[in-house]
Amino acid sequence: MTETSSSTAAMAKSDEDREEILDRMLTRLAFTDDDKLDNLLFKLLPYSISSLSSQSSAVRKKVMEILTHVNKRVKNQLQISLPVSELWKMYIEANAAPMVKNFCIVYIEMAFDRLSLELGILHVVEALELSSELVYVIYLAACSDSYEPVIKRGEELLKRKAADANLEDPQLINKLFLLFNGMWYCRG
């Protein structure tokens, strides 16, 4: 009986701490200029949305205040990006609460509206954390895209996520060969 009451007290303390953190985040959000909002949202959105799994109604209410403020600020400003990869990782977690998953989808869709299809695909592929051999061809193809942001993202991911790909792997060599031939035929 004592163990149950002590764990309940610890959870209440944790919810109080979380609510205080969320309150500070809301204040910071209110005072952040639009040109600096991207960086804040990459931290704020995942933390806020994951807090929706809390049993505390006060925590969930504070999250809704934050999300309402975010929506008002980013709705008509397509240049403000949202953290697709982080939201996707939260969405695919097996033990994610349904409310968390639902809000992840809302903001993933909002993020995709702000990205080209190619950039969106790169974010999803990155979030899936596939092996280097599987993503190498995708990232290499992105490096030869005609859209500068896709090229930059492809190069970044190729260096960071696929640098350890086994270039002796016959399947990878076959995929690279098909990629090369496909591009060669497109050039005529």
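Residues numbered from 1 in each chain as written. Predicted model: local features only at pLDDT ≥ 70, side-chain atom pairs only at ≥ 80, totals over all residues. Heavy atoms only, no water.

## Points about helix α8 (residues 148-161)
Moving on, step 1. Taking 1.5 Å of rise per residue, the 14 residues of α8 would be expected to cover 20 Å, and the 19 Å separating its terminal C-alpha atoms lies within 8% of that figure.
Moving on, step 2. Taken residue by residue, α8 has V150, I151, R153, G154, L157 and L158 as its buried positions.
Moving on, step 3. Lining the buried residues of α8 we find α4 (84-92), α6 (117-128) and α7 (132-143). (Helix = DSSP H or I, 4+ residues; strand = E, 2+ residues; numbered from the N terminus. Expected span 1.5 Å × (residues − 1). Buried < 20%, exposed > 50% of the residue type's maximum accessible area, 1.4 Å probe, protein only. Contact = heavy atoms within 4.5 Å.)

## Side note on the nonpolar core
A general feature of soluble globular proteins is that nonpolar side chains tend to end up buried together.
Moving on, step 1. Judged by nonpolar contacts, the single largest core of 32 residues is most densely connected at L29, L41, I49, V70 and Y107.
Moving on, step 2. No other element matches the seven residues that helix α5 (residues 98-113) contributes to this core.
Moving on, step 3. Counting 15 residues, the second-largest nonpolar core is a separate cluster that includes L122, Y139, L157 and L158. (Core = buried A, V, L, I, M, F, W, Y, C linked by side-chain atoms within 4.5 Å.)

## Here's the deal with the packing of aromatic side chains
Moving on, step 1. Counted by the stated rule, this structure contains one aromatic pair.
Moving on, step 2. Each ring, one from W88 and one from Y91, has its centre 5.7 Å from the other, and the planes form 40°; the classification is tilted. You can see W88 and its partner Y91 sitting in helix α4, three residues apart, about one turn around the helix.
Moving on, step 3. Taking relative accessible area as the criterion, Y91 reaches 26% and is therefore assigned partly exposed.
Moving on, step 4. Taking the ring centre of Y91 as reference, the NZ or CZ of K101 above it sits at 4.9 Å. (Phe/Tyr/Trp six-rings, centres within 6.5 Å; stacked < 30°, edge-to-face > 60°. Lys NZ or Arg CZ within 6 Å of the ring centre and 35° of its normal.)

## Overview of the pattern of salt bridges
Where charged atoms of side chains with opposite charge meet at close range, the side chains can pair.
Moving on, step 1. Within this structure, the stated rule accounts for nine salt bridges.
Moving on, step 2. The salt bridge partner of E156 is R160, with a shortest N-O separation of 2.9 Å. On the criterion of helical spacing, the pair formed by E156 and R160 is a turn pair, its members being four residues apart in helix α8.
Moving on, step 3. What makes E156 partly exposed here is its relative accessible area of 36%.
Moving on, step 4. Sharing partners across several salt bridges, the network here consists of E126, R153, E156 and R160. (Salt bridge = Lys/Arg side-chain N within 4 Å of Asp/Glu carboxyl O.)

## Concerning the environment of Y139
Moving on, step 1. Tracing the backbone shows Y139 in helix α7.
Moving on, step 2. Separated by 19 residues in sequence, Y139 and L158 have C-alpha atoms that sit 5.5 Å apart.
Moving on, step 3. Residue contacts for Y139: discarding those within four places in its chain leaves L122, V125, E126, G154, L157, L158, K161 and A162.

Read these as geometric descriptors, not functional statements.
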